[in-house]
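If you want the building blocks of each chain, they are given just below.
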There are 2 protein chains.
Amino acid sequence: MLSPVPVVLVSCGGIKGWKANLITIAWAGNVCSDPPMLSIAVRPDRYSHAIIKTTGEFIVNVPSTDQVKATDWCGVVSGRDVDKFAGTGLTPAPGRKVACPMVMECPLNIECRVRKSLELGSHTLFLAEVVAVQVSSEVVDARGRLNLQKAGLMAFAHGHYFALGHHLGHFGFSVRKRKKRGRT
Amino acid sequence: MLSPVPVVLVSCGGIKGWKANLITIAWAGNVCSDPPMLSIAVRPDRYSHAIIKTTGEFIVNVPSTDQVKATDWCGVVSGRDVDKFAGTGLTPAPGRKVACPMVMECPLNIECRVRKSLELGSHTLFLAEVVAVQVSSEVVDARGRLNLQKAGLMAFAHGHYFALGHHLGHFGFSVRKRKKRGRT
């Protein structure tokens, strides 16, 4: 179906008797800007499904290409059987607004609280409000602005992970007037 | 928030008195595999919002990098003022299962029928069932398998369009055993 899509490490648990866990999700997206919300689609048989359903919290950790192997591995093994933080060597760190841990190594951590869940069939769609965002200092430029081009992000298309490639343009480039250059 | 995300041309209208229209959407995602469903988030003040709300149909046209300028332009002008098919030079072609036109030039066309719409705040989330998929012959390999790497897909991250870059691995690569090579 739709490609390319984001591929993220969702962390959850570490509270209410649940182990901290990581699940790789390719079916995630922004869905609203006010309030800021995103969605993730999770199969009910996944270990993280019960955790998120019970605790109502998760963190979307956006990985860089440095974490591609860990991202892949968290998508093929189950948190029922293994400790995914230990297995990947990724570092759990406390969330600011939610109780579950985030992944220190990921350049972008989006803390979410579930507002609604919809049973669609094979997947449950969790619609969640973004309650905090943490950004690694490496992806902020000298003026304090977010520069995601420094983050080394990756995308997922039809079963394959890709780095982002060459820059094609900025939003609005098709209507921007060229600045006249003065001669010196 | 979440990056990178897909960037698609959504076509709608051409029925029930509505003009055919195109809207660029970056907030789209797969949400269910059985039944196959995807979601798009659209602001209520957009011209396409009323069209999709009234007709219950749209097509997600996944553009290649060849259509980056058209994709950008359809995101900055309104279908209230201009005919976007005429303005971009893109070719409308009939959908197979829905009545609105698809974009001929896009390598992947996903025909959708709205099953549910949710008013989240600034955006309405349309949850739609995929009722047909059309794939351009250039992205199918000699064995008849879909090869999206041939499609020249692009992603959108924090206001910038990017081509997909180098291949990082296939889903499951982190646990795949290397095949032993026999000596000859």
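No experiment lies behind these values; they were computed from the predicted model shown. (Residues numbered from 1 in each chain as written. Chains lettered and ligands numbered in written order. Predicted model: local features only at pLDDT ≥ 70, side-chain atom pairs only at ≥ 80, totals over all residues.)

J.: Explain the overall build of chain A to me, please; I cannot follow it from the model alone.
T.: Regarding its fold elements, chain A presents 3 helices and 12 strands. Its C-alpha atoms give chain A principal-axis dimensions of roughly 70 × 35 × 30 Å. In chain A, which comprises 184 residues, the proportion classed as buried is 47%. Put simply, of all contacts in chain A between residues at least 6 apart along the chain, 61% involve residues at least 24 apart. (Helix = DSSP H or I, 4+ residues; strand = E, 2+ residues; numbered from the N terminus. Buried ≥ 20, exposed ≤ 12 C-beta atoms within 10 Å, placed from the backbone. Contact = placed C-beta atoms within 7 Å.)

J.: Can you walk me through unusual backbone geometry in this structure?
T.: As a rule of thumb, non-glycine residues mostly have phi less than zero, and peptide bonds are mostly trans rather than cis. Residues and elements named next belong to chain A. Cis rather than trans, the peptide bond between S3 and P4 has omega equal to -15°. Note that P4 resides in the segment before β1 (5-6). In the segment running from D34 into P35, the intervening peptide bond is cis, with an omega of 0°. Mapped onto the elements of the fold, P35 is located in the loop between β4 (28-33) and β5 (36-42).

J.: Could you clarify how one ought to interpret the environment of E57(A) in this entry?
T.: All names here are of chain A. Relative to the assigned elements, E57 resides in strand β6 (residues 57-62). Note on E57: 24 C-beta atoms within 10 Å, which makes it buried. With 45 residues separating them along the chain, E57 and C12 place their C-alpha atoms 6.7 Å apart. Sequence-distant contacts of E57, that is, excluding residues within four places in its chain, are made with C12, V98, A99, C100, C112 and R113.

J.: Explanation requested: the relation of the copies chain A and chain B in the structure shown.
T.: To go from the first copy of the chain to the second, apply a rotation about an axis and then a shift along the same axis. Taken as rigid bodies, chain A and chain B are interconverted by a rotation of 180° and an axial shift of 0.0 Å, the fit giving an RMSD of 0.0 Å. Both copies of the chain, as the preceding transformation shows, are related through a two-fold rotation axis. Taking C-alpha positions as reference, the residue of chain A nearest the rotation axis is G165(A), located at 1.8 Å. Looking at the interface residues of chain A, 100% of them are also at the interface in chain B, so both copies use one shared face. (Least-squares fit on C-alpha atoms with pLDDT ≥ 70 in both.)

J.: Which parts of the structure should I look at to understand the interface of chain A and chain B?
T.: A common way to report how large an interface is uses the accessible area buried once the components associate. If you look at the interface, chain A gives 60 residues, while chain B gives 60 residues. Looking at the side of chain A that touches chain B, the elements that each hand over two or more residues are β1, β4, β5, β6, α2 (68-76), β10 (124-135), β11 (154-157) and β12 (160-170) of chain A. The dominant element in the side of chain A that touches chain B, judged by the number of residues it contributes, is β12(A), at 11 residues. When grouped by side-chain class, the residues that make up the side of chain A that touches chain B number 37 nonpolar, 20 polar and 3 charged. For β12(A) and strand β12 (residues 160-170) of chain B, the ladder comprises 7 bridges, and the chain directions are antiparallel. Looking at β12(B), one finds that F162(A) is bridged to H167(B). (Nonpolar A, V, L, I, M, F, W, Y, C, P; charged D, E, K, R; others polar. Pairing = 2+ DSSP bridges.)

J.: What's the story with the environment of L146(A) in this structure? I'm lost.
T.: Topologically, L146(A) is positioned in the loop between β10 and β11. For L146(A) and S136(A), which are 10 residues apart along the polypeptide, the C-alpha to C-alpha distance reads 9.6 Å. Those residues in contact with L146(A) that sit more than four places away from it in its chain are V135(A), V139(A), V140(A) and H158(B).

J.: Could you clarify how one ought to interpret the pairing of strand β6 (residues 57-62) of chain B in this entry?
T.: Side-chain positions along a regular strand alternate between the two faces of the sheet. Residue and element names in this part refer to chain B. Among the 6 residues in β6, 6 count as buried, and that is most of the element. Alternating residues of β6 divide into E57, I59 and N61 and F58, V60 and V62, and every residue in both groups is buried. Two strands pair when backbone bridges link them, and strand β2 (residues 8-12) and β6 are joined in this way by 3 bridges, in the antiparallel orientation. Its bridge partner being in β6, S11 is matched across the sheet by I59. In this sheet, strand β9 (residues 108-119) lies alongside β6 in antiparallel orientation, the contact comprising 6 bridges. Looking at the pairing, N61 lines up with N109 of β9.

J.: For this particular structure, what's the right way to read the sheet that holds β1(A)?
T.: Across the sheet, 6 strands lie side by side as β1(A)-β11(A)-β12(A)-β12(B)-β11(B)-β1(B); this open sheet has antiparallel pairing. In this open sheet, the two edge strands, each paired with only one partner strand, are β1 of chain A together with β1 (5-6) of chain B.

J.: Teacher, can you tell me more about the sheet that holds β4(A) here?
T.: Strand pairs in the sheet, formed through backbone hydrogen bonds, run parallel or antiparallel to each other. Residues and elements named next belong to chain A. Strand order in this open sheet of 7 strands is β3-β2-β6-β9-β10-β5-β4, and the pairing throughout is antiparallel. For this open sheet the edge positions go to β3 (21-25) and β4, each flanked by a neighbour on one side alone. Shown here is a sheet whose adjacent strand axes are inclined to one another by a mean of 35°, direction ignored. Strands β2 (8-12), β3, β5, β6, β9 (108-119) and β10 of the sheet are contacted by helix α1 (residues 47-55), whose axis makes an angle of about 55° with β2. (Axes fitted to C-alpha atoms, helices over the stretch in contact; angles between N-to-C directions.)

J.: Where do I start with the confidence of the model for chain A in this structure?
T.: In regions of low pLDDT, the predicted coordinates are not meant to be interpreted in detail. Per-residue pLDDT for chain A has a mean of 94; in total, 96% of the residues score no lower than 70. Here the complex is predicted with pTM 0.94, and the ipTM for its interfaces comes to 0.93. (pLDDT = per-residue confidence, 0-100.)

J.: Mind showing me how you'd approach α1(A) here?
T.: For the α-helix, the turn length of 3.6 residues means that residues three or four positions removed from each other point alike. Residues and elements named next belong to chain A. All buried positions along α1 are accounted for by S48, I51, I52 and T55. The buried residues of α1 occupy an angular sector of 90° when projected down its axis, which confines them to one face. Positive backbone phi, at 70°, marks G56, one or two positions downstream of α1. (Arc of directions from axis to C-beta.)

J.: Even after reading the chapter, I still don't get helix α2 (residues 68-76) of chain B, so can you show me in this structure?
T.: Listed in full, the buried residues belonging to α2(B) are V68(B), A70(B), T71(B), D72(B), W73(B) and C74(B). Summarising the contacts, the buried residues of α2(B) are in contact with β12 of chain A together with β2, β3 (21-25), α3 (84-88), β11 (154-157) and β12 of chain B.

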